[in-house]
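Survey of secondary and tertiary structure
Here's the letter readout for the chains.
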Amino acid sequence: QVQLVESGGGLVQAGGSLRLSCAASGRTFSRYAMGWFRQGPGKEREFVAAISWSGSSTAYANSVKGRFTISRDNAKNTVYLQMNSLKPEDTAVYYCAGTPVTGWATPIGGHEYDYWGQGTQVTVSS
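What you see is a predicted model; the values in this text were computed from it and never measured. (Residues numbered from 1 in each chain as written. Predicted model: local features only at pLDDT ≥ 70, side-chain atom pairs only at ≥ 80, totals over all residues. Heavy atoms only, no water.)

Remarks on the state of the cysteines
- Applying the stated criterion across every chain, the model contains one disulfide.
- The partner cysteine of C22 in its disulfide is C96, sulfur to sulfur 2.0 Å. Torsion about the S-S bond of the C22 and C96 cystine: about -80 degrees, corresponding to left-handed handedness. Here C22, found in strand β3 (residues 18-24), pairs with C96, found in strand β9 (residues 92-100); they are 74 residues apart in sequence, far enough to count as distant. For the pair shown, C22 and C96 are each scored as buried. (Disulfide = S-S within 2.5 Å. Helix = DSSP H or I, 4+ residues; strand = E, 2+ residues; numbered from the N terminus. Buried < 20%, exposed > 50% of the residue type's maximum accessible area, 1.4 Å probe, protein only.)

The structure is reproduced here in C-alpha cells:
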C-alpha cells in the first residue's frame, strides 16, 4: 500500500509558474514509474507527464511540451511538476499517480497506474 499526497497548487496569472510536489509513502518508491494527470472543469482526465523509476526517461502530453518539466528525487520519495508559461487552459485539478515497474516504462494511460493522490487545484487567470 502506497499513499501519494500532492501539494503546491494555487492561483496564478497567465504566463506565470508553479511547482507541484507529490510525496509518496512506502519502501518501493524508487521502483515506481510516476505520472501527473489533470482534469479541468467539465472535462475528462488527461495525461500530463510521466517519468520512469530511475528518472532517465520522461513523457509529456503535446499540450505541455516545452512548458512543463517532470522530475523526481527518490531519496526524498518525491516527484515534481514544474509548470512554466501557464495558460488559462491549464486550469485543472492535478493528480499524482504511481505504479510499480521493473523496467524503464513511462505509462501515459490512467488505467496503467495503481496508486493515486487526492489532487491539487491549479487555477490560471487570464
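A short note on the environment of S30
- The topology assignment puts S30 in the loop between β3 and β4 (32-39).
- Residue classification places S30 among the partly exposed residues on the basis of a relative accessible area of 32%.
- For the pair S30 and P107, spaced 77 residues apart in sequence, the C-alpha to C-alpha distance is 16 Å.
- With sequence-adjacent residues up to four places away left out, S30 is seen in contact with W53 and N74. (Contact = heavy atoms within 4.5 Å.)

Focus on the environment of G98
- Take G98: it is sitting in strand β9.
- For G98, a relative accessible area of 0% translates into the label buried.
- Distance in space between the C-alpha atoms of G98 and M34 is 4.4 Å, their sequence separation being 64 residues.
- Excluding its chain neighbours within four sequence positions, the residues that come into contact with G98 are L4, Y32, A33, M34, Y113, D114 and Y115.

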